[in-house]
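Commentary on secondary and tertiary structure
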Amino acid sequence: MSEAAAVQSTGYNFAYLDEQTKRMIRRAILKAIAVPGYQVPFASREMPLPFGWGTGGIQVTAAIIGADDRLKVIDQGADDTTNAVSIRRFFARTAGVATTTRTTDATLIQTRHRVPETPLGPHQILVYQVPIPEPLRWLEAREAETRRMHGLADYGVMHVKLYEDIAQHGRIATGYDYPVQVGQRYIMAPSPIPKFDNPKMDRCPALQLFGAGREKRIYAVPPHTPVKSLDFEDHPFSVETWSKRCSLCGAGDSYLDEVIMDDTGRRMFVCSDTDYCAERRAAGHRGEGDGA
Amino acid sequence: MIDKTSRDGLAPGFRSPVPDAQQTFRRLMDAFARPGTIVDLAAELAPPTSLMPAAAAVLLTLADLDTPVWLDPRLGGEAAGYLAFHCGCAFVEPLDQATFGVLVDGTDVRCLDGFAVGDADFPDRSATVVIQVDGLRADGGVRLNGPGIDGQAMLQVDGLDARFWTFQAGNRMLFPLGIDVVFASGRQLAALPRGIAAMAG
Amino acid sequence: MYVAVKGGERAIDNAHRLLAEARRGDSQTPELSLAQIDQQLALAVDRVMTEGSVYDRELAALAIKQARGDLIEAIFLLRAYRTTLPRLAVSSPIDTGRMTVRRRISATFKDLPGGQVLGPTFDYTHRLLDFALAAGGGGTEPVATQPGDAAPAEGMPKVASLLDAEGLIEQEAPDAEDASVGDLTREPLEFPADRDLRLQNLARGDEGFLLALAYSTQRGFGRNHPFAGEIRMGEVEIEIVPPELGFPVVIGEVTLTECEMVNQFKGSKTEPPQFTRGYGLACGEAERKAMAMALVDRSLRAEELGEEATAPAQDEEFVLMHSDNVEASGFLQHLKLPHYVDFQAELVMVRQMRAQAGAAGDTTDE
């Protein structure tokens, strides 16, 4: 659908937002790229989807998307979860852009809670939906305080918290939204991706943008930028591992969802990244549970 | 009626404002995300002669009534009238009040010290300055490294005061504060965000 | 197998159809018109306009109809629509002193110039279900116009100005004519926030949240000794000054409810004992909202007035960051979205920690 046709069918501007709002978001994105990991405040708008359901990611996507983009939207790694479907439809309707479920075909990927398994390339942009952009929020509730901590790079409170975890549990007890440090300066929330995905952010060739609509913040990690998951020398960062493989495609290197099969608690494990799983099966890979 | 007369002499802005701004932005964003990358303007644009198309496109894409602009007086009234009409932006004289600055050429960059660099709590409240230059090439000049660059990148900027690189060394020391620079040459753009180190090739 | 997340598109389509059906209800029952909602559920329309930040009765009525009467959902619809509206002009400050008053009461003076005008109020009604209304009756006789009713307010000075004349209430100097007024829908809030932004936030804030906060101050959590100095409701003209004309032009009128609370203040090192103010303003007839807003506004001035801020209602960041029901409702309800990736991460972590703890236990047993 052409831009004009999209406008005609919805009565709204291309990609919903008016041009003044797009300019405001675009300015924020450039500052976010110039200061990697710093949360740029922006005048987030009320979108036709609820706050907490991806409005930050949607506004970032709406400000950058063009007619020649091919958009992929995932939630929990899957293209067919209801919220991913809803957001993909929103852009198909308001921007008339092509959509895809194939990671390699997408120029723009909006995600909630996962980084795709297939490595991203320099022609791609990953837009994260972020509920709570402030990594220090659970340690200090006040914005005025956390802003000052970032300003002074005063991150002692975070290191104390992680150290207490180790003292109490023998490990850092954070499984998702695991804090990272970007380019040796800002501590940043990677959004609630499992820590399994953190290493994919490090020196990623794709531009990574983060939008928090309700909290009104945009931040970014430029391509090839070091992203270090916080740890200690004697307790290095490590990711989740499974003893199982994907029941459908047999993958042993992907993040697995646990699916409960029946009321006796039998369970199977399948790739969370539905495209990765489908591509592997198309290439002939099979898991033990396939055809069950 | 008065408006009509003044508009008759005015050069047109983007032909298709929505897609032209989007395309310009995407290329500019690419330039910011990958310093050293030289991007070509996609949109057709014929601004007043003192303004290069690439510089005009940056402002048409980003500036509006919310962003005070500082214009190099040497750009002249026609350029100011063009931007005032198409962006609706207000112009300011004190450098430190400007969100955007435009330098007519790179021969004298001493004014760069006057632009806002943000503060520790809000490093984003800093200026973005467009400097018009004679040419941009990726096969010589200074060696760049920093966020967005895989190892290192080369950038040759023709017609740029050598003092600029001294300025940028100081600008980078301010990180996360500092101004962000965009070089415009004809229909080409390259960006130099504050955190980029530049060393003699 | 693995069907839990499949079929998203069809499921959404079906849910939308079910919603449309549920919205309409029994088709034997006549459908509501927007005019009926506007006229007969007028206070719902007022609330949606106030918290939705758009003064348009018809759109608010449409939002209420579409939201099946869920007012927070209706506010959300109106806000999302507001996002797409261009900003054409900024009006001159309204002058509620020139309101065409339909209701005006003061609790601080028995009588005052212009008198007390009760207007249409639930006050003093006995809350007895009126079965005549259920029977479709309830037609009313037209009310004989009282002398003070719908009077332009020249004869109704603001109560605050009466106190002001005696120097008993804090001075409130108007901003310079060209001073800019903040707009938190254009610039994100930062802390500390100025009073213009605080008031805008409260005006858009959830009525229930403000009511509870205001109530908490009355029960001792940051008490500020309020008196309802004046509450007035009526029509006020909106003017803009087009730059090409250079003089004000009336573009319409709106119904507003304004509340000025008068609060006791013991004085500080620099200020003598005097009364202070809390201010509330809402679209339409929204007295509870305006009063609650005025109490919370006064509470949030604690720091400015040198009071010790100890209670939730005095905590600017707490109040302003949690007052918006569109934000709050969205984030609360996002818990319905799938979180199984994060939950899986937690499962793996808890299992590992339990295994480790179990292993430690085994060692001790040996």
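Residues numbered from 1 in each chain as written. Chains lettered and ligands numbered in written order. Predicted model: local features only at pLDDT ≥ 70, side-chain atom pairs only at ≥ 80, totals over all residues. Heavy atoms only, no water.

Along its length, chain A carries eight helices and 12 strands. For 292 residues, the compact-globule estimate of 2.2 N^0.38 gives 19 Å, and the C-alpha radius of gyration of chain A, at 20 Å, lies within 12% of that figure. Principal-axis analysis of the C-alpha atoms places the extent of chain A at approximately 60 × 55 × 35 Å. Classification of the 292 residues of chain A by burial places 66% in the buried group. A sequence separation of at least 24 residues applies to 62% of the contacts in chain A between residues at least 6 apart. Averaging the coordinates of the 35 positive side-chain charges in chain A and doing the same for the 36 negative ones gives two points 4 Å apart. (Helix = DSSP H or I, 4+ residues; strand = E, 2+ residues; numbered from the N terminus. Rg over C-alpha atoms; globule rule 2.2 N^0.38 Å. Buried < 20%, exposed > 50% of the residue type's maximum accessible area, 1.4 Å probe, protein only. Contact = heavy atoms within 4.5 Å. Lys, Arg positive; Asp, Glu negative; His and termini not counted. Charge placed at Lys NZ, Arg CZ, Asp CG, Glu CD.)

Here we take up the pattern of salt bridges. This model, assessed by the stated rule, comprises 66 salt bridges over all chains. One salt bridge connects Lys31 of chain A with Asp180 of chain B, and the closest N-O pair in it is separated by 2.8 Å. Remark: Asp180 of chain B occurs in strand β7 (residues 180-185) and Lys31 of chain A occurs in helix α2 (residues 19-34); the pair is interchain, linking two chains. Neither residue differs from the other here; Lys31 of chain A and Asp180 of chain B are each classed as buried. Residues participating in the shared-partner salt-bridge network are Lys158, Glu172, Arg195, Glu258, Glu260, Arg277 and Asp297 of chain C. (Salt bridge = Lys/Arg side-chain N within 4 Å of Asp/Glu carboxyl O.)

What follows deals with the packing of aromatic side chains. Scanning all chains against the criterion turns up 16 aromatic pairs over all chains. With a centroid separation of 5.0 Å and an interplanar angle of 85°, the aromatic rings of Phe164 of chain B and Trp165 of chain B are classed as edge-to-face. The buried category is assigned to Phe164 of chain B, whose relative accessible area is 0%. A network of ring pairs unites the aromatic residues Tyr12, Tyr16, Phe90 and Phe91 of chain A as a single cluster. Its end group placed over the ring of Phe51 of chain A, Lys216 of chain A keeps NZ or CZ at 5.8 Å from the ring centre. In this arrangement the basic side chain of Arg125 of chain B is found over the ring face of Phe122 of chain B, its NZ or CZ atom lying 3.7 Å from the centre. (Phe/Tyr/Trp six-rings, centres within 6.5 Å; stacked < 30°, edge-to-face > 60°. Lys NZ or Arg CZ within 6 Å of the ring centre and 35° of its normal.)

Attention now moves to the interface of chain C and chain A. Interfaces are frequently sized by the accessible area removed from exposure as the parts join. Of the residues lining the interface, 46 residues belong to chain C; the matching set on chain A comes to 68 residues. Carbon and sulfur atoms make up 57% of the surface buried where chain C meets chain A, a total of about 4,900 Å² over both sides. Our count for the contact surface shared by chain C and chain A stands at six salt bridges. The shortest N-O distance in the salt bridge between Arg351 of chain C and Glu258 of chain A comes to 2.8 Å. At the surface where chain C touches chain A, the tally comes to 25 residue pairs in polar contact (both at pLDDT 80 or more). Among the elements of the structure, α1 (8-24), α5 (71-82), α11 (316-322), α12 (325-333) and α13 (340-365) of chain C are those that each provide at least two residues to the side of chain C that touches chain A. For the side of chain C that touches chain A, the per-class residue count stands at 21 nonpolar, 11 polar and 14 charged. (Buried area = accessible area lost by both parts, 1.4 Å probe. Polar contact = N/O pair within 3.5 Å; in protein donor to acceptor, adjacent residues only side chain to side chain. Nonpolar A, V, L, I, M, F, W, Y, C, P; charged D, E, K, R; others polar.)

Judged by nonpolar contacts, the single largest core of 95 residues is most densely connected at Ile29 and Leu209 of chain A together with Met29 of chain B. Setting aside residues up to four positions removed in sequence, Ile29 of chain A forms contacts with Val60, Ile64, Leu209 and Ile218 of chain A together with Phe25 and Met29 of chain B. In this structure, Trp70, Leu112, Val142 and Ile196 of chain B belong to the second largest nonpolar core, which totals 28 residues. (Core = buried A, V, L, I, M, F, W, Y, C linked by side-chain atoms within 4.5 Å.)

All names here are of chain C. For chain C, per-residue confidence averages 88 on the pLDDT scale, and residues scoring 70 or more make up 92% of the total. Mean pLDDT per element in chain C: strand β2 (residues 151-152) is the minimum at 58, and helix α3 (residues 42-52) is the maximum at 98. Here residues 1-5 is modelled with pLDDT under 50, and outside its nearest four sequence neighbours on either side it reaches 12 contacts, counting other chains as well. Segment residues 362-366: pLDDT under 50, and zero contacts once partners within four positions in sequence are set aside and those in other chains are kept. The ipTM value of the predicted complex is 0.95, and its pTM value is 0.89. (pLDDT = per-residue confidence, 0-100.)

Here we take up the environment of Phe209 of chain C. All names here are of chain C. Among the secondary structure elements, Phe209 is positioned in helix α9 (residues 207-218). Linking Phe209 and Lys266, residues 57 residues apart in sequence, is a C-alpha distance of 28 Å. Not counting residues within four places of it along the chain, the set of residues in contact with Phe209 comprises Phe318, Val319, His322 and Ser323.

This brings us to the sheet that holds strand β9 (residues 197-200) of chain B. Two modes of strand pairing occur in sheets, parallel and antiparallel, and in both the strands are linked by backbone hydrogen bonds. Residue and element names in this part refer to chain B. Strand order in the open sheet formed by three strands is β6-β5-β9, with antiparallel pairing between adjacent strands. Whereas interior strands pair on both sides, the edge strands pair on one side only; in this sheet they are β6 (153-158) and β9. Ignoring strand direction, the axes of neighbouring strands in this sheet form an average angle of 60°. In this structure, strand β5 (residues 135-145) lies alongside β9, joined through four bridges in antiparallel fashion. Opposite Val142, over in β9, you have Ala200 as the bridge partner. (Pairing = 2+ DSSP bridges. Axes fitted to C-alpha atoms, helices over the stretch in contact; angles between N-to-C directions.)

What follows deals with the interface of chain A and chain B. Facing 40 residues of chain A, the contacting portion of chain B comprises 39 residues. Counting each side, the surface lost to burial between chain A and chain B is near 3,100 Å², with a carbon and sulfur contribution of 61%. Broken down residue by residue, the surface that chain A buries against chain B is led by Arg27, Leu30 and Lys31 of chain A, which jointly contribute 21%. A salt bridge links Asp69 of chain A to Arg26 of chain B; the nearest nitrogen and oxygen atoms lie 2.6 Å apart. Taken together, the links from chain A to chain B amount to 18 residue pairs in polar contact (both at pLDDT 80 or more). Of all the secondary-structure elements, those providing two or more residues to the side of chain A that touches chain B are α2, β1 (40-41), α3 (55-64), α5 (143-152) and β8 (207-212) of chain A. In terms of residues, the side of chain A that touches chain B owes the most to one element, α2 of chain A, which gives 11 residues. The residue makeup of the side of chain A that touches chain B, split by class, is 22 nonpolar, six polar and 12 charged.

This next bit is on the packing of α5 of chain C against α12 of chain C. Between two packed helices, both the angle of their axes relative to each other and the distance between the axes serve to describe the pair. Residue and element names in this part refer to chain C. The contact between α5 and α12 brings their axes to 9 Å, and the two run at 110°. By the criterion of interaxial angle, the relationship of α5 to α12 is roughly perpendicular. As for how α5 packs across α12, the hand of that crossing is left-handed. Facing α5, whose interface residues are Ile72, Ile75, Phe76 and Arg79, α12 presents Asn325, Val326 and Ser329. Residues belonging to the contact of α5 with α12 are distributed by class as follows: four nonpolar, two polar and one charged. (Parallel < 35°, antiparallel > 145°, perpendicular 65-115°, else oblique. Left-handed = near helix turned anticlockwise from the far one by under 90°.)

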